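Topology and contacts: notes
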Amino acid sequence: MGLVRQADAPLRGLNTFGIDARARLLWRLESLDDLPQLCEVLRDDAGKGHPQPPLILGGGSNLLIADDPQQPIVQMALRGLRIAQDDGNTVIVEAAAGEAWDPLVRWTLSQGLAGLENLALIPGTVGAAPIQNIGAYGVELRNHFESLDTVNLEDGTFRSFDATDCAFGYRDSVFKRADAAGRLVTAVRLRLSRVADLKLDYGEIRTELAESHITAPTPTDVADAVSRIRRRKLPDPAVIGNAGSFFKNPQIDAGQATALAAREPGLPCWPSGDQVKVSAAWMIERCGFKGMRVGDAGVHARHALVLVNHGHARGNEILALASRIRDAVATRFGIRLEAEPMVVGAPQL
Ligand SMILES: Cc1cc2nc3c(=O)[nH]c(=O)nc-3n(C[C@H](O)[C@H](O)[C@H](O)COP(=O)(O)OP(=O)(O)OC[C@H]3O[C@@H](n4cnc5c(N)ncnc54)[C@H](O)[C@@H]3O)c2cc1C
């Protein structure tokens, strides 16, 4: 335990794109007791004129490291899981931010707690889950969110956030705004239930369950089904570097969607609140990028939304390809794509 310091730290194994960058300085935080010391060393670093705020690193599965980061990196490694409150049916689970997400899902299921089953097998840490309000198979983190704790690494002050404070949106929260940089999430509390309310109507969950001859699924059956579908469908970062979906599905107003669908027959659209979501993957494919490769930077051959590192791509090469895609989609469809991962060492796309 303790605050672990590493200078000139290799980052290839710490980001799922497998970008071979190096960090000038990396601090690994394993205990809350070390927070005052962490804030102090960061202040010293700032005093020497090094860029701040620090970059907070979880599992590195939603990052594109375009260039060697010059700001210090704080690697979140706080561990701990507990039941914080239990009224019989509703249970509040508290997890330290450095816990891995999928094992947390499995732990809650082993406690007989339902809610997170559709979010099984999403890579990354608990602390990063609220940053972009992770979502999959019709469920988002915000559906089960209770509150979280943060510390401001600049001055060491603590603050808890409830769901309203977090301002969750589609792959979005207040923590994606520039003024939240340097605010470290230390723990997240989730509201789960002993009574399952299964969401089976999204994607292939029902078909997957039927093929396994499961007629009365438990939350664990659903997590298993979602995990099997994800393993089949999504490229494994251990095999080919990627950060999952690189672009969000744009949300546009209904009038614009109708006009676009008339011009572009087959464009997949679905309602999203009072707006309409359109398929980014479809537009990228129509622009001819699916399967494209420029050096070692590429677009996955089966998933137009997934940018990949075929081996030794630099982060800025992947970023350049992402910019080309964004410009081509804007020219043809009049829609500006927004990147999901955080870009490090270059302006956000
Ligand atoms: C194969 C694959 C599939 C994926 N599928 C999905 C999916 O279905 N749904 C989905 O929503 N996402 C998906 N993702 C994206 C990613 O898994 C999630 O966004 C995940 O929550 C990122 O966690 P992380 O710990 O790796 O975060 P990192 O990549 O380390 O960080 C992401 C952002 O969060 C910030 N951050 C991390 N930890 C903290 C903290 N403790 N305090 C403050 N800020 C922090 C970082 O500074 C950065 O801005 C997928 C990624 C991959 C590679």
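These numbers were taken from a predicted model, which means no experiment stands behind them.

Thresholds, definitions, all that
- Residues numbered from 1 in each chain as written.
- Predicted model: local features only at pLDDT ≥ 70, side-chain atom pairs only at ≥ 80, totals over all residues.
- Heavy atoms only, no water.
- Pairing = 2+ DSSP bridges.
- Helix = DSSP H or I, 4+ residues; strand = E, 2+ residues; numbered from the N terminus.
- Axes fitted to C-alpha atoms, helices over the stretch in contact; angles between N-to-C directions.
- Contact = heavy atoms within 4.5 Å.
- Near = heavy atom within 4 Å.
- Polar contact = N/O pair within 3.5 Å; in protein donor to acceptor, adjacent residues only side chain to side chain.
- Areas by Shrake-Rupley, 256 points an atom, 1.4 Å probe, with all protein chains shown as cover.
- Nonpolar A, V, L, I, M, F, W, Y, C, P; charged D, E, K, R; others polar.

Bringing the sheet that holds strand β1 (residues 3-10) into the picture now. Across the sheet, 4 strands lie side by side as β1-β2-β5-β3; this open sheet has mixed pairing. Strands at the two margins of the open sheet, each flanked by one partner only, are β1 and β3 (55-57). Strand-to-strand twist in this sheet, taken as the mean axis angle between neighbours without regard to direction, amounts to 30 degrees. The pairing of β3 with strand β5 (residues 73-76) spans 3 bridges and is classified as parallel. From the neighbouring strand, Ile-56 faces β5, where its bridge partner is Val-74. Packed on one face of the sheet, helix α1 (residues 35-47) meets β1, β2 (22-29) and β5 and runs near 160 degrees to β2.

With that settled, the discussion passes to the pairing of strand β16 (residues 275-278). With 2 bridges connecting them, strand β14 (residues 251-252) and β16 associate as antiparallel partners. In the sheet register, Gln-251 faces β16, and the bridge partner there is Lys-277.

Time to look at the site of the ligand. Taken together, 34 residues lie near the ligand, and Ile-56, Gly-58, Gly-59, Ser-61 and Thr-125 sit nearest. Contacts to the ligand include Asn-62, whose backbone N or O atom sits 2.7 Å from an oxygen atom. Protein coverage of the free-state accessible area of the ligand, which is 980 Å², stands at 92%. Within the residue set of the shell around the ligand, elements represented by two or more residues are β3, β8 (135-136) and β12 (183-193). Top element by residues in the shell around the ligand is β12. It accounts for 3 residues. Of the residues that constitute the shell around the ligand, the class distribution is 18 nonpolar, 13 polar and 3 charged.

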